[in-house]
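# Overview (structure and organization)
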Amino acid sequence: MHVRCPDRLPEDVYRQVLEQLAELSPVVQALPPTAALVELKGSLRYHGVDGRRLGEVLRVRTISRLGVDVRVGIGPSITVAATASGQITGPGGVLAVDSGQVADWLGPLPVEALHGIGPRQAQVLRDYGVHCVGLLAAIPPDTVQRLLGGRAGRQAADRARGIDPRPVTPRALPASASVSRTFPRHTLDGAGVRAALLDLVVTLALQLRRQGQVARSLTLTLRFAGGTTWEKTRRLPETSAHDDDLRTLAYRLIDAAGLQRGRLTGITLKGEDLVAADQVAEQISFDGAREARLVAEEVSDRIRAKFGPGAIRPATTLLRVS
């Protein structure tokens, strides 16, 4: 079962939805900020009903107890269930796909509707005339690998056929990771603040990569003289732990603050909604400059691992203080 909650659902309500799922099955995998997976095999035997019925029970409970409607997809694999929940157009509903229906149901769907196919991959496939999941399933896997790359191609070819061996792994809401900088004096220097932010980005990204994690969103907190704070969270376009991706979003966050003459005393950058990097398929890129930067990032990581985190630092600007 793949469950999608409404967008921008408060975290406390999302946790209550997870509690409702736990009443149906002990195997629940949180997919924050608004989704979750549930293993139903044992639950079907225990409750003596089919998956569609359990999905309907879940909707009734979340609506009556929490005032939240959910979209529920049910299928023989994670890919089929998640694709099904994505095909529900209303604010809520249940769509169950039986094992014998997978090929016929997936076949007519547009290729971008297949769970796990990102916009870039979908565009590549469409450029080669592969517009629906059925055509993707009909192409030899070796051909798909040449189009999308080795690992991504193998996964896409398998999932188009409904093959997805991944299990539902019990997981609570993930932790976050944060890094901070305190200024010795109040600073008004925008360039200096941006340099400090860049240093935090590099530190946070390196920490995430070492932990084998990626972030779905970033939170920037600014502390001002007098004790006031400013905080804003934005989601990354794609989960990442790369310097470039985190830096781009961090700069957008600080631009949104409109500092002007604000006297800063400190700054904190937090990676939110962390997930294991090996659970996320990284989209292929045709940007040569980006690929070169990622190679340089790998080299930098090896240098830091050998000579210490201070072996390579981003260029900094001396802070002007007042």
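Let us look at the structure shown here. (Residues numbered from 1 in each chain as written. Predicted model: local features only at pLDDT ≥ 70, side-chain atom pairs only at ≥ 80, totals over all residues. Heavy atoms only, no water.)

## Focus on the overall build of the protein
Counted only if it meets this: Only DSSP runs of H or I reaching four residues or more are called helices, and only runs of E reaching two or more are called strands; each is numbered from the N terminus. Buried, partly exposed and exposed residues are distinguished by accessible area as a fraction of the type maximum, computed with a 1.4 Å probe on protein chains only: under 20%, between the cut-offs, and over 50%, respectively. Contacts are assigned to residue pairs that have any heavy atoms within 4.5 Å of one another.
When you go through the protein residue by residue, the secondary structure sums to twelve helices and ten strands. In terms of overall dimensions, the protein has a C-alpha envelope of 70 × 50 × 35 Å along the principal axes. Considering the protein as a whole, with its 322 residues, one finds that 44% of them fall into the buried category. For the protein, contacts bridging at least 24 residues in sequence account for 65% of all contacts bridging at least 6.

## Structural notes on the packing of aromatic side chains
The cut-off we apply is this: The pairing test for Phe, Tyr and Trp rings, Trp by its six-membered ring, is centres within 6.5 Å, and the orientation test on the planes gives stacked under 30 degrees, edge-to-face over 60, and tilted for anything in between. The criterion is that NZ of a Lys, or CZ of an Arg, lies within 6 Å of the ring centre and within 35 degrees of the ring normal, and then a charge sits over that ring.
In this structure the tally under the stated criterion is zero aromatic pairs. Its guanidinium or amino end placed over the ring of tyrosine 251, arginine 194 lies 4.6 Å from that ring's centre, counting from NZ or CZ.

## A word on the side chain of threonine 83
Relative to the elements of secondary structure, threonine 83 occurs in helix H4 (residues 78-86). Those residues in contact with threonine 83 that sit more than four places away from it in its chain are Trp105, Leu106, Leu109, Ala113, Leu114 and His115.

## A word on the sheet that holds strand E5 (residues 93-96)
For clarity, the cut-off: Pairing between two strands is assigned when DSSP locates at least 2 bridges connecting them. Working convention: axes come from line fits to C-alpha atoms, limited for helices to the stretch in contact. Angles between N-to-C directions cover 0 to 180 degrees.
Spatial strand order, E2-E3-E1-E4-E5: five strands in an open sheet with mixed pairing. What marks the edges here is a single partner per strand, and that holds for strand E2 (28-31) and E5. Across the sheet, the axes of successive neighbouring strands diverge by a mean angle of 15 degrees, strand direction being ignored. Pairing geometry for E2 and strand E3 (residues 35-38), over four bridges, is antiparallel. When the sheet's bridge partners are listed, valine 28 is paired in E3 with valine 38. Along the sheet face, helix H1 (residues 11-24) touches strand E1 (2-4), E2 and E3 and points at about 160 degrees away from the line of E2.

## Observations concerning the nonpolar core
The criterion, for reference: To qualify as a nonpolar core, a set must consist of buried Ala, Val, Leu, Ile, Met, Phe, Trp, Tyr and Cys residues joined through side-chain atoms within 4.5 Å.
Core analysis: the biggest nonpolar cluster contains 32 residues, and Ile267 and Leu269 have the highest contact counts within it. Of all the secondary structure elements, the ones that give two or more residues to this core are strand E6 (177-187), helix H10 (190-211), strand E7 (213-224), helix H11 (243-257) and strand E9 (264-272). Here the element with the most residues in this core is H10; it accounts for ten residues. Apart from the residues lying within four places of it in its own chain, the contact partners of isoleucine 267 are Val179, Ser180, Arg181, Phe183, Val193, Leu197, Leu200, Leu220, Thr221, Leu222, Arg223 and Ile254. One finds Val130, Leu136, Ile139 and Ala156 within the second-largest nonpolar core, a separate group that totals 24 residues.

## So, the pattern of salt bridges
Short version of the rule: What makes a salt bridge here is a side-chain nitrogen of Lys or Arg within 4 Å of a carboxyl oxygen of Asp or Glu, nothing more.
Under the defined criterion, the tally for this structure stands at eleven salt bridges. Notably, a salt bridge pairs arginine 59 with aspartate 69, separated by 2.8 Å at the nearest N-O pair. With a gap of ten residues between them, arginine 59 in helix H3 (residues 51-66) and aspartate 69 in the loop between H3 and strand E4 (71-74) connect regions that are remote in the sequence. On the basis of relative accessible area, arginine 59 is assigned to the partly exposed category, the value being 24%. Since its relative accessible area comes to 17%, aspartate 69 is described here as buried. One network of salt bridges, in which partners are shared, links Glu23, Arg61 and Arg65.

## A short note on H1
Residues three or four positions apart in an α-helix share a direction because the helix packs 3.6 residues into each turn. Our working definition: Between the first and last residue of a helix there are one fewer steps than residues, each counted as 1.5 Å, and that sum is the expected span. The arc under discussion is defined with respect to the helix axis, by the directions toward the C-beta atoms.
Helix length check: H1 (14 residues) gives 21 Å between terminal C-alpha atoms against 20 Å at 1.5 Å per residue, within 8%. Those residues of H1 lying buried are Val13, Tyr14, Val17, Leu18, Gln20, Leu21 and Leu24. All buried residues of H1 fall inside an arc of 155 degrees around its axis, so they share one side. The inward-facing, buried residues of H1 contact E1, E2, E3, helix H2 (41-47) and H3.

## Notes on empty space enclosed by the protein
This is how the line gets drawn: For cavity detection a 1 Å grid was placed over the protein atoms alone, and a set of points counts as a cavity when a 1.4 Å probe fits there but cannot get out; an open set counts as a pocket when protein lies on both sides within 12 Å along at least five of seven lines, with lining residues being those that have an atom within 4 Å of a point. Grid points are joined across faces, edges and corners, and a volume is the space filled by probe spheres set on the points.
Inspection of the entire model under this criterion finds one cavity of 30 Å³ or more. Here the largest cavity defines a volume of roughly 60 Å³. As for the largest cavity, its lining consists of ten residues, of which Gly116, Ile117, Gln155, Ala156 and Arg159 are closest to the centre. Among the elements that make up the lining of the largest cavity, the one with the highest residue count is helix H9 (residues 150-160) (four residues).

## Observations regarding the layout of surface pockets
Test applied: Note on residue classes: Ala, Val, Leu, Ile, Met, Phe, Trp, Tyr, Cys and Pro are nonpolar, Asp, Glu, Lys and Arg are charged, and everything else, Gly too, is polar.
Quantified by volume, the second largest pocket comes out at close to 510 Å³. Listing elements by their share of the lining of the second largest pocket, those giving two or more residues are E3, H2, H3 and H4. Grouping the amino acids of the lining of the second largest pocket by side-chain chemistry returns 13 nonpolar, four polar and seven charged.

## Description of the pairing of E9
As paired elements, E6 and E9 share seven bridges and run antiparallel to each other. Within E9, the residue paired with serine 180 across the bridge is threonine 268. Sheet topology note: the E7/E9 ladder contains eight bridges and is antiparallel. Each residue of the ladder has a partner; that of leucine 220, found in E9, is leucine 269.

## With respect to the environment of threonine 143
On the secondary structure map, threonine 143 appears in helix H8 (residues 141-148). Relative accessible area serves as the criterion here: at 26%, threonine 143 is assigned to the partly exposed category. Distance from threonine 143 to valine 179, taken between C-alpha atoms, is 44 Å for residues 36 residues apart in sequence.

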